[in-house]
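Breakdown of the fold
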Amino acid sequence: MTTKLYIKTYGCQMNEYDSDKMADVLRACGDMEQTDKPEEADIILFNTCSIREKAEEKVFSDLGRARALKQHNPNLLIGVGGCVASQEGETIIKRAPYVDVVFGPQTLHRLPQLIAARRASGESQVDISFPEIEKFDHVPTAQTTHGSAFVSIMEGCSKYCTFCVVPYTRGDEVSRPFDDVIREVESLTAQGVSEITLLGQNVNAYQGTMGDGDTVDFAFLLQAVAALPGVQRLRYTTSHPREMTQRLIDLYATTPKLASHLHLPVQSGSDRILAAMKRGYTALEYKSVVRKLRAVRPDISITSDFIIGFPGETEADFAATMKLVEDVGFDASFSFIFSPRPGTPAAEMADDTPYETKLERLHRLQTRIHGMEQQVSAAMSGSVQRVLVENISRKNAQELAGRTENNRVVNFAGSPGMLGRYVDVRILPGTLHTLRGELVIQP
Ligand code: SAM
Ligand code: F3S
């Protein structure tokens, strides 16, 4: 009988990627199909996020709902993976004894064994260890039907920014061997994938070993992936400003396949706050990286992450962030109010800024960046953009959704036969983040 799997994913692209891998490992073990209806499922997995408190709380309320389903279907298996699982471990079983398996981001490939052990013993199973790179060796090669795919090149993070849980939940940086990455990209392009996004918490910290034992850096890897004939467009995320080497920047001059978009989290524009965050760069150094990038790729669009209301952030610190925003000019951002995470140094720092003040600063920042986003949209109006057609539009089944080089989604009328292909689209006037366009018919 076919097993039905429901996965709920919280948080970042790493988690999206891991959820796909969970489905892949379970599919490799037998007849399995995914469902988007939890009430139909035989297995429900929550792939959790602990980056901010809100995301973490959400998991426990969703678990309560899964418990109700289990009361009707005692064979339902409930699993909790991801960063909350990694941080809480056994505590999850104590708080929610109906949970059957708890696994971390580095042990998701052991899911079949954990489920089998749960069924054989009747006991809940917990495995949140960090078995180094083992995960990469045990996940089946991805199957994909879209023109675009993510390829994980490294796991974890060793930067230990004072506000962040990632080094604790995902472990230190571990890079995937060079040949493995190349092999996975080749297998994807053989399936028709032409756009690759290299994925990791800090991709530019990549230090991959080659067959002969030598180590190569991220710029080398990027060049090698770009040289593969099936790859037409190349992206990567996330990168750290501290490791934007000149070699990496120079690739934007010599490698047209590198998309003209870079997500480069800055967090703050105040040097005092950047130091307290332990980011390892100043506002000037960040701006210098952007200036060098624009010198070689003038149209590159930069997006970023901001934390507002870090402990001790004054109005002057916030003004420095707004100044950096003016100086750089961002095309979209993710911005959050600081959330103290247990076990991180920043959670212990004195924080006397009222929440309302933080909210008001967040609003000011978001309004300004939203305005910049609209300016970029307006400037794109009338231009012809090469887009990779990724999906049928979510809002209108007669339309397609494609992605421009600068990472904007464009909706336009077209036929499903265009899925996975590059087409030229003229951008129509409008100021929304999701652009509208019309197909340019080649003569
Ligand atoms: N590796 C990336 C980098 O270089 O910054 C980001 C990793 S983190 C998963 C994604 C974003 O979440 C961060 O850039 C930061 O803006 C935000 N974030 C992390 N910890 C946070 C906290 N304690 N409170 C609020 N936002 C946080
Ligand atoms: Fe977190 Fe800083 Fe690493 S934000 S993921 S510790 S670079």
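Report on the accompanying structure. (Residues numbered from 1 in each chain as written. Chains lettered and ligands numbered in written order. Predicted model: local features only at pLDDT ≥ 70, side-chain atom pairs only at ≥ 80, totals over all residues. Heavy atoms only, no water.)

Points about the site of ligand 2
Near ligand 2, the surroundings consist of Cys157, Lys159, Tyr160, Cys161, Phe163, Cys164, Val166, Pro167, Gln201, Asn202, His240 and Arg279. Within the shell around ligand 2, the residues separate by chemical class into 7 nonpolar, 3 polar and 2 charged. (Near = heavy atom within 4 Å. Nonpolar A, V, L, I, M, F, W, Y, C, P; charged D, E, K, R; others polar.)

Concerning the pairing of strand 18 (residues 399-403)
Counted residue by residue, strand 18 has 4 buried out of 5 residues, so it is predominantly covered. As judged from the 4 bridges shared by strand 17 (residues 384-392) and strand 18, these two strands associate in the antiparallel manner. From the neighbouring strand, Asn391 faces strand 18, where its bridge partner is Ala401. Sheet analysis places strand 18 next to strand 19 (residues 409-413), joined by 5 bridges and oriented antiparallel. By the bridge assignment for strand 19, Gly402 is matched with Val410. In textbook terms, the turn of a hairpin is the stretch between consecutive antiparallel strands, and for strand 18 and strand 19 this stretch comprises 5 residues, one of which, Asn407, has a positive phi near 75°. (Buried < 20%, exposed > 50% of the residue type's maximum accessible area, 1.4 Å probe, protein only. Helix = DSSP H or I, 4+ residues; strand = E, 2+ residues; numbered from the N terminus. Pairing = 2+ DSSP bridges.)

Thoughts on helix 12 (residues 283-296)
Owing to its 3.6 residues per turn, the α-helix aligns residues three or four sequence positions apart on the same side. End to end, helix 12 covers 21 Å across 14 residues, agreeing with the expected 20 Å (1.5 Å per residue, within 8%). For helix 12, the full list of buried residues reads Ala283, Tyr286, Ser288, Val289, Val290 and Leu293. Of the surrounding elements, those touching the buried residues of helix 12 are helix 10 (246-254), strand 14 (261-263), helix 11 (271-277), strand 15 (301-308) and helix 13 (315-328). (Expected span 1.5 Å × (residues − 1). Contact = heavy atoms within 4.5 Å.)

Concerning the pattern of salt bridges
Here the structure, examined in full by the defined rule, presents 35 salt bridges. The residue Arg247 makes a salt bridge to Asp217 at a minimum N-O spacing of 2.6 Å. With Arg247 in helix 10 and Asp217 in strand 12 (residues 215-217), the pair connects residues that are 30 residues apart, well separated along the chain. Take Arg247: its relative accessible area is 45%, and that puts it in the partly exposed class. (Salt bridge = Lys/Arg side-chain N within 4 Å of Asp/Glu carboxyl O.)

A few points about the pairing of strand 1 (residues 3-9)
Across 3 bridges, strand 1 lies against strand 2 (residues 32-34) in parallel orientation. Paired with Lys4 across the bridge in strand 2 is Glu33. Two strands pair when backbone bridges link them, and strand 1 and strand 3 (residues 43-48) are joined in this way by 5 bridges, in the parallel orientation. The residue of strand 3 that forms the bridge with Thr9 is Asn47.

Some words on the site of ligand 1
Surrounding ligand 1, one finds 17 residues, the nearest of these being Phe163, Gln201, Gln267, Asp305 and Ser339. Phe163 places a main-chain nitrogen or oxygen 2.9 Å from a nitrogen atom of ligand 1. The side chain of Gln267 places a nitrogen or oxygen atom 2.8 Å from an oxygen atom of ligand 1. In isolation ligand 1 has 560 Å² of accessible area, and contact with the protein removes 92% of it. Secondary-structure elements contributing two or more residues to the shell around ligand 1 are strand 15 and strand 16 (333-337). (Polar contact = N/O pair within 3.5 Å; in protein donor to acceptor, adjacent residues only side chain to side chain. Areas by Shrake-Rupley, 256 points an atom, 1.4 Å probe, with all protein chains shown as cover.)

Quick word on the packing of helix 10 against helix 12
Where helix 10 meets helix 12, the axes come as close as 7 Å, and the angle between the chain directions of the two elements is 30°. Classified by the angle their axes make, helix 10 and helix 12 are roughly parallel. In the crossing of helix 10 with helix 12, the sense of the turn from one axis to the other is right-handed. From helix 10, Gln246, Ile249, Tyr252 and Ala253 reach across to helix 12, where they touch Val289, Lys292, Leu293 and Val296. In the contact of helix 10 with helix 12, the residues fall into 6 nonpolar, 1 polar and 1 charged. (Axes fitted to C-alpha atoms, helices over the stretch in contact; angles between N-to-C directions. Parallel < 35°, antiparallel > 145°, perpendicular 65-115°, else oblique. Left-handed = near helix turned anticlockwise from the far one by under 90°.)

Quick word on the packing of helix 13 against helix 14 (residues 355-380)
Put simply, helix 13 and helix 14 touch, their axes get as near as 11 Å, and they point 5° apart. Considered as vectors, helix 13 and helix 14 are oriented roughly parallel to each other. Of helix 14, the residues touching helix 13 (which contributes Glu315, Phe318, Thr321, Met322, Val325 and Glu326) are Arg361, Arg364, Leu365, Arg368, Ile369 and Met372. Among the residues forming the contact of helix 13 with helix 14, the class breakdown is 6 nonpolar, 1 polar and 5 charged.

Points about the packing of aromatic side chains
Applying the stated rule across the entire model yields 8 aromatic pairs. Relative to Phe310, the ring of Phe163 has its centre 6.5 Å away and its plane inclined at 85°; by these criteria the two rings are edge-to-face. Pair noted here: Phe163 is in the loop between strand 8 (154-155) and helix 7 (166-170) and Phe310 is in the loop between strand 15 and helix 13, with a separation of 147 residues, a long-range link. Here Phe163 falls in the buried class, since its relative accessible area comes to 12%. Judged by relative accessible area, Phe310 falls into the buried class, the value being 0%. When the ring centre of Phe336 is taken as origin, the NZ or CZ atom of Arg52, which lies over that ring, is 3.4 Å away. Taking NZ or CZ as reference, Arg95 lies 3.6 Å from the ring centre of Phe60, over its face. (Phe/Tyr/Trp six-rings, centres within 6.5 Å; stacked < 30°, edge-to-face > 60°. Lys NZ or Arg CZ within 6 Å of the ring centre and 35° of its normal.)

Topic: the nonpolar core
Counting residues in hydrophobic clusters, the biggest one holds 57 residues, and the most contacted among them are Leu198, Phe218, Tyr236, Tyr286 and Phe330. For this core, the leading source of residues is helix 9 (residues 218-226), giving 6 residues. In this structure, Phe46, Leu63, Ala85 and Ile93 belong to the second largest nonpolar core, which totals 21 residues. (Core = buried A, V, L, I, M, F, W, Y, C linked by side-chain atoms within 4.5 Å.)

Brief notes about the layout of surface pockets
Here the second largest pocket is characterised by a volume of approximately 270 Å³. Contributing to the lining of the second largest pocket are 13 residues, with Lys54, Ile337, Phe338, Ser339 and Tyr355 lying nearest its centre. Looking at the lining of the second largest pocket, its residues break down into 7 nonpolar, 2 polar and 4 charged. (1 Å grid on protein atoms, 1.4 Å probe; cavity = no way out; pocket = protein on both sides within 12 Å on 5 of 7 lines; lining within 4 Å. Points joined across faces, edges and corners; volume = space filled by probe spheres on them.)

Side note on the sheet that holds strand 3
Hydrogen bonds along the backbone pair up the strands of a sheet, which may run parallel or antiparallel. With respect to topology, 6 strands assemble into an open sheet ordered 2-1-3-4-5-6, the strand pairing being parallel. If you trace the sheet from one side to the other, it starts and ends with strand 2 and strand 6 (125-127), each paired once. Pairs of neighbouring strands in the sheet enclose a mean axial angle of 20°, with direction left out of account. Along the sheet, helix 1 (residues 13-27) contacts strand 1, strand 2, strand 3 and strand 5 (101-103); its crossing angle with strand 1, the most-contacted strand, is approximately 170°. Sitting on the sheet, helix 2 (residues 53-72) touches strand 1, strand 3 and strand 4 (77-81), and the angle it makes with strand 3 is about 175°.

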